[in-house]
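The lines below spell out each chain.
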Amino acid sequence: MKKIYSDAAAALDGLLFNGMHLCVGGFGLCGIPERLIDALQADGVKNLTIASNNAGIDNEGLGKLLRSKQVKKMISSYVGENKEFERQFLSGELEVEFCPQGTLAERCRAGGAGIPGFYTKTGVGTQVAEGKEVKNFDGEDYILERGIYADLCLIKGWKADKAGNLIFRKTARNFNAPMATAGKICVAEVEEIVEVGELDPDAIHLPSIYVKRLINGAPYDKKIEFRMTRERETA
(Lines give C-alpha, C1' and ligand atoms only; values in the text may rest on other atoms or scores of the structure.)
Protein backbone atom coordinates (compact mmCIF):
# COMPACT_ATOMS: atom_id res chain seq x y z
CA MET A 1 0.00 0.00 0.00
CA LYS A 2 1.33 3.42 -0.98
CA LYS A 3 2.20 5.47 2.09
CA ILE A 4 4.43 8.36 0.97
CA TYR A 5 2.84 11.06 -1.19
CA SER A 6 4.39 13.92 -3.13
CA ASP A 7 2.52 16.74 -1.43
CA ALA A 8 -0.42 17.54 0.85
CA ALA A 9 -3.00 17.76 -1.94
CA ALA A 10 -2.05 14.30 -3.18
CA ALA A 11 -2.14 12.87 0.36
CA LEU A 12 -5.68 14.16 0.89
CA ASP A 13 -6.98 13.15 -2.52
CA GLY A 14 -10.19 11.14 -2.20
CA LEU A 15 -10.49 11.66 1.56
CA LEU A 16 -12.31 14.98 1.80
CA PHE A 17 -16.06 15.64 1.79
CA ASN A 18 -18.33 18.41 3.02
CA GLY A 19 -19.54 18.01 6.59
CA MET A 20 -16.69 15.75 7.68
CA HIS A 21 -15.23 15.57 11.20
CA LEU A 22 -11.48 16.08 11.68
CA CYS A 23 -8.97 15.84 14.53
CA VAL A 24 -6.07 18.24 13.99
CA GLY A 25 -2.90 18.20 16.09
CA GLY A 26 -0.97 21.19 17.37
CA PHE A 27 -0.95 23.75 20.13
CA GLY A 28 -1.08 27.34 18.97
CA LEU A 29 1.35 27.30 16.04
CA CYS A 30 3.51 24.55 17.59
CA GLY A 31 3.25 21.18 15.88
CA ILE A 32 0.44 22.10 13.50
CA PRO A 33 0.08 20.24 10.17
CA GLU A 34 0.29 23.48 8.20
CA ARG A 35 0.82 21.93 4.75
CA LEU A 36 -2.27 19.76 5.20
CA ILE A 37 -4.28 22.73 6.49
CA ASP A 38 -3.28 24.72 3.40
CA ALA A 39 -4.46 21.82 1.23
CA LEU A 40 -7.82 21.81 3.03
CA GLN A 41 -8.20 25.49 2.32
CA ALA A 42 -7.27 25.07 -1.33
CA ASP A 43 -9.73 22.21 -1.76
CA GLY A 44 -12.62 24.33 -0.46
CA VAL A 45 -14.21 21.52 1.55
CA LYS A 46 -16.71 23.09 3.95
CA ASN A 47 -19.06 22.60 6.92
CA LEU A 48 -16.18 21.03 8.83
CA THR A 49 -16.30 19.96 12.47
CA ILE A 50 -12.75 20.17 13.85
CA ALA A 51 -11.44 18.94 17.18
CA SER A 52 -8.24 20.84 17.96
CA ASN A 53 -6.78 22.54 21.03
CA ASN A 54 -7.36 25.89 19.39
CA ALA A 55 -7.93 27.35 15.94
CA GLY A 56 -4.50 28.78 15.32
CA ILE A 57 -4.29 32.55 15.15
CA ASP A 58 -5.67 35.00 12.61
CA ASN A 59 -4.55 33.89 9.13
CA GLU A 60 -2.28 31.12 10.44
CA GLY A 61 -3.01 27.46 11.06
CA LEU A 62 -6.71 26.64 11.35
CA GLY A 63 -7.33 30.38 11.42
CA LYS A 64 -7.05 30.22 7.62
CA LEU A 65 -10.06 27.90 7.45
CA LEU A 66 -12.06 30.24 9.68
CA ARG A 67 -11.29 33.14 7.36
CA SER A 68 -12.49 31.14 4.36
CA LYS A 69 -15.68 30.11 6.24
CA GLN A 70 -15.00 26.38 5.88
CA VAL A 71 -15.52 25.50 9.56
CA LYS A 72 -18.98 24.86 11.00
CA LYS A 73 -17.97 23.73 14.50
CA MET A 74 -14.85 23.77 16.67
CA ILE A 75 -14.24 21.46 19.64
CA SER A 76 -11.49 23.38 21.41
CA SER A 77 -9.84 24.38 24.68
CA TYR A 78 -8.14 27.71 24.10
CA VAL A 79 -9.20 30.24 21.51
CA GLY A 80 -8.16 33.56 23.01
CA GLU A 81 -5.62 34.61 20.37
CA ASN A 82 -7.93 34.41 17.36
CA LYS A 83 -10.05 37.50 16.72
CA GLU A 84 -11.89 35.97 13.77
CA PHE A 85 -12.81 32.98 15.95
CA GLU A 86 -14.17 35.40 18.54
CA ARG A 87 -16.13 37.36 15.94
CA GLN A 88 -17.71 34.27 14.37
CA PHE A 89 -18.56 32.75 17.75
CA LEU A 90 -20.18 35.89 19.16
CA SER A 91 -22.12 36.50 15.94
CA GLY A 92 -23.47 32.95 15.89
CA GLU A 93 -21.64 31.98 12.70
CA LEU A 94 -19.52 29.34 14.41
CA GLU A 95 -20.63 26.57 16.76
CA VAL A 96 -18.17 25.99 19.59
CA GLU A 97 -17.87 23.14 22.09
CA PHE A 98 -15.42 24.18 24.80
CA CYS A 99 -13.48 21.31 26.31
CA PRO A 100 -10.73 21.39 28.98
CA GLN A 101 -7.35 20.49 27.51
CA GLY A 102 -6.83 17.31 29.50
CA THR A 103 -10.36 16.18 28.77
CA LEU A 104 -9.89 16.86 25.05
CA ALA A 105 -6.71 14.78 24.97
CA GLU A 106 -8.43 11.94 26.84
CA ARG A 107 -11.51 12.10 24.62
CA CYS A 108 -9.26 11.57 21.59
CA ARG A 109 -7.25 8.85 23.30
CA ALA A 110 -10.47 7.11 24.35
CA GLY A 111 -11.91 7.34 20.86
CA GLY A 112 -8.78 5.79 19.41
CA ALA A 113 -8.92 2.98 22.00
CA GLY A 114 -12.55 2.17 21.20
CA ILE A 115 -13.84 3.62 24.49
CA PRO A 116 -17.15 5.43 23.86
CA GLY A 117 -17.10 7.49 27.06
CA PHE A 118 -15.55 8.03 30.48
CA TYR A 119 -16.30 9.84 33.74
CA THR A 120 -14.20 12.76 34.99
CA LYS A 121 -14.40 15.35 37.76
CA THR A 122 -13.05 18.04 35.44
CA GLY A 123 -15.82 20.53 34.72
CA VAL A 124 -18.23 19.41 37.45
CA GLY A 125 -20.38 22.34 38.52
CA THR A 126 -19.39 24.50 35.53
CA GLN A 127 -20.78 25.21 32.08
CA VAL A 128 -18.71 22.30 30.81
CA ALA A 129 -21.11 19.94 32.60
CA GLU A 130 -24.29 21.41 31.09
CA GLY A 131 -26.36 18.76 29.34
CA LYS A 132 -24.07 15.91 30.36
CA GLU A 133 -24.81 12.92 32.57
CA VAL A 134 -23.60 13.28 36.16
CA LYS A 135 -22.85 10.17 38.20
CA ASN A 136 -21.81 9.88 41.83
CA PHE A 137 -18.91 7.62 42.78
CA ASP A 138 -18.00 7.29 46.46
CA GLY A 139 -19.71 10.55 47.30
CA GLU A 140 -18.10 12.54 44.47
CA ASP A 141 -19.82 13.76 41.28
CA TYR A 142 -18.35 12.98 37.88
CA ILE A 143 -19.52 13.97 34.41
CA LEU A 144 -19.68 11.69 31.39
CA GLU A 145 -17.50 12.74 28.46
CA ARG A 146 -17.79 11.08 25.07
CA GLY A 147 -14.79 9.75 23.18
CA ILE A 148 -13.95 11.49 19.91
CA TYR A 149 -13.57 9.49 16.70
CA ALA A 150 -13.18 11.45 13.47
CA ASP A 151 -13.32 10.79 9.76
CA LEU A 152 -9.78 12.08 9.31
CA CYS A 153 -6.82 12.96 11.55
CA LEU A 154 -4.15 15.45 10.45
CA ILE A 155 -0.91 15.58 12.43
CA LYS A 156 2.61 17.00 12.29
CA GLY A 157 5.74 15.07 13.26
CA TRP A 158 9.47 15.64 13.17
CA LYS A 159 10.96 12.53 11.57
CA ALA A 160 9.47 9.43 10.01
CA ASP A 161 10.86 6.43 8.22
CA LYS A 162 9.46 5.23 4.91
CA ALA A 163 7.22 2.74 6.69
CA GLY A 164 5.52 5.58 8.60
CA ASN A 165 7.04 5.11 12.06
CA LEU A 166 7.10 8.61 13.49
CA ILE A 167 8.93 10.73 16.06
CA PHE A 168 7.70 14.03 17.49
CA ARG A 169 10.07 16.75 18.67
CA LYS A 170 9.77 17.95 22.26
CA THR A 171 6.67 20.10 22.96
CA ALA A 172 5.55 19.82 19.33
CA ARG A 173 4.22 16.39 20.29
CA ASN A 174 1.35 18.05 22.25
CA PHE A 175 -2.04 16.80 20.96
CA ASN A 176 -0.62 15.07 17.87
CA ALA A 177 -0.10 11.67 19.49
CA PRO A 178 -3.61 11.06 20.89
CA MET A 179 -5.30 12.60 17.84
CA ALA A 180 -3.36 10.36 15.45
CA THR A 181 -5.32 7.34 16.68
CA ALA A 182 -8.74 9.01 16.94
CA GLY A 183 -10.01 8.57 13.41
CA LYS A 184 -10.51 6.29 10.45
CA ILE A 185 -7.49 7.63 8.56
CA CYS A 186 -4.42 9.51 9.82
CA VAL A 187 -2.39 11.66 7.43
CA ALA A 188 0.93 12.95 8.76
CA GLU A 189 3.40 15.56 7.59
CA VAL A 190 6.97 15.55 8.82
CA GLU A 191 10.17 17.54 8.42
CA GLU A 192 12.28 14.58 7.32
CA ILE A 193 11.73 11.06 5.98
CA VAL A 194 14.55 8.52 6.43
CA GLU A 195 15.12 4.92 5.45
CA VAL A 196 13.59 2.10 7.47
CA GLY A 197 16.02 1.13 10.21
CA GLU A 198 17.54 4.58 10.69
CA LEU A 199 15.26 5.43 13.63
CA ASP A 200 15.85 3.87 17.03
CA PRO A 201 12.89 1.50 17.61
CA ASP A 202 12.81 2.52 21.27
CA ALA A 203 12.41 6.18 20.26
CA ILE A 204 9.31 5.74 18.11
CA HIS A 205 6.37 7.79 19.43
CA LEU A 206 3.76 6.71 16.86
CA PRO A 207 3.95 3.28 15.20
CA SER A 208 3.44 3.08 11.44
CA ILE A 209 0.18 1.14 11.80
CA TYR A 210 -1.57 4.41 12.65
CA VAL A 211 -0.11 6.44 9.77
CA LYS A 212 -1.93 5.74 6.50
CA ARG A 213 -0.46 8.57 4.39
CA LEU A 214 2.71 10.60 4.82
CA ILE A 215 4.37 13.65 3.27
CA ASN A 216 7.60 15.56 3.73
CA GLY A 217 6.47 19.16 4.23
CA ALA A 218 9.93 20.74 4.56
CA PRO A 219 11.15 23.43 4.49
CA TYR A 220 9.16 25.08 7.28
CA ASP A 221 9.15 28.68 8.42
CA LYS A 222 8.99 28.36 12.21
CA LYS A 223 6.54 31.09 13.17
CA ILE A 224 6.36 32.62 16.65
CA GLU A 225 3.02 33.82 17.99
CA PHE A 226 4.52 36.51 20.22
CA ARG A 227 8.07 37.73 19.91
CA MET A 228 9.20 39.35 23.17
CA THR A 229 12.44 41.34 23.13
CA ARG A 230 14.28 43.66 25.49
CA GLU A 231 17.34 45.80 25.15
CA ARG A 232 20.56 44.21 26.31
CA GLU A 233 21.73 45.69 29.59
CA THR A 234 25.09 47.32 29.54
CA ALA A 235 27.81 45.87 31.73
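These numbers were taken from a predicted model, which means no experiment stands behind them.

Conventions and cut-offs
Residues numbered from 1 in each chain as written. Predicted model: local features only at pLDDT ≥ 70, side-chain atom pairs only at ≥ 80, totals over all residues. Heavy atoms only, no water. Buried < 20%, exposed > 50% of the residue type's maximum accessible area, 1.4 Å probe, protein only. Helix = DSSP H or I, 4+ residues; strand = E, 2+ residues; numbered from the N terminus. Pairing = 2+ DSSP bridges. Expected span 1.5 Å × (residues − 1). Arc of directions from axis to C-beta. Contact = heavy atoms within 4.5 Å. Axes fitted to C-alpha atoms, helices over the stretch in contact; angles between N-to-C directions. Disulfide = S-S within 2.5 Å. Salt bridge = Lys/Arg side-chain N within 4 Å of Asp/Glu carboxyl O.

Draft legend 1. Up close: the pairing of strand β5 (residues 117–120). Where burial is concerned, the two faces of β5 differ: the one with F118 and T120 is buried and the one with G117 and Y119 is not. Sheet topology places β5 next to strand β7 (residues 140–146); four bridges connect them, and they run antiparallel. Bridged to F118 within β7 is E145.

Draft legend 2. Inspection of unusual backbone geometry at higher detail. Geometrically, the link from A218 to P219 is a cis peptide bond, its omega value of 0° lying close to zero. For P219, the location among the structural elements is in the segment after β13 (213–216). Positive phi values are uncommon outside glycine, yet N59 reaches one of about 70°. The residue N59 is located in the loop between β2 (48–51) and α3 (63–67) in this model. With a phi close to 55°, D138 is a non-glycine residue in the positive phi region. By the secondary structure assignment, D138 is in the loop between β6 (134–137) and β7.

Draft legend 3. Quick peek at helix α5 (residues 101–112). Along its twelve residues, α5 runs 17 Å from first to last C-alpha, staying within 8% of the 16 Å computed at 1.5 Å per residue. The set of residues buried in α5 consists of T103, L104, R107, C108, A110 and G111. All buried residues of α5 lie within an arc of 160° about the axis, which places them on one face of the element. The elements touched by buried residues of α5 are β1 (21–24), β3 (71–76), β4 (95–98), β5, β7 and α6 (176–180). Count one or two residues on from α5 and you reach G114, which has phi positive near 80°.

Draft legend 4. Expanded view of the sheet that holds β7. Strand order in this open sheet of three strands is β5-β7-β6, and the pairing throughout is antiparallel. Two strands close off the open sheet at either side, each with one partner strand: β5 and β6. Here the strands of the sheet are splayed against their neighbours by 35° on average, with no regard to which way each runs. Of the strand pairs in this sheet, β6 and β7 are connected by four bridges, and their pairing is antiparallel. When the bridges of β7 are listed, V134 appears paired with I143.

Draft legend 5. Just the state of the cysteines, in detail. Scanning the entire structure with this criterion turns up zero disulfides. Counting only cysteine sulfurs, C153 is the nearest neighbor of C186, a cysteine outside any disulfide, at a range of 5.6 Å.

Draft legend 6. View of the pattern of salt bridges. In this structure the tally under the stated criterion is 18 salt bridges. Of the charged contacts in the structure, one is a salt bridge between E34 and R35, with a shortest N-O distance of 3.4 Å. Beyond isolated ion pairs, a larger network of salt bridges with shared partners links D58, R67, K69, E84, R87 and E93.

Draft legend 7. Structural context of the sheet that holds strand β12 (residues 192–194). Spatially, three strands are ordered β10-β9-β12 in an open sheet, and the strand pairing comes out mixed. Whereas interior strands pair on both sides, the edge strands pair on one side only; in this sheet they are β10 (166–167) and β12. Two strands pair when backbone bridges link them, and strand β9 (residues 159–161) and β12 are joined in this way by three bridges, in the parallel orientation. What sits directly across from K159, in β12, is E192.

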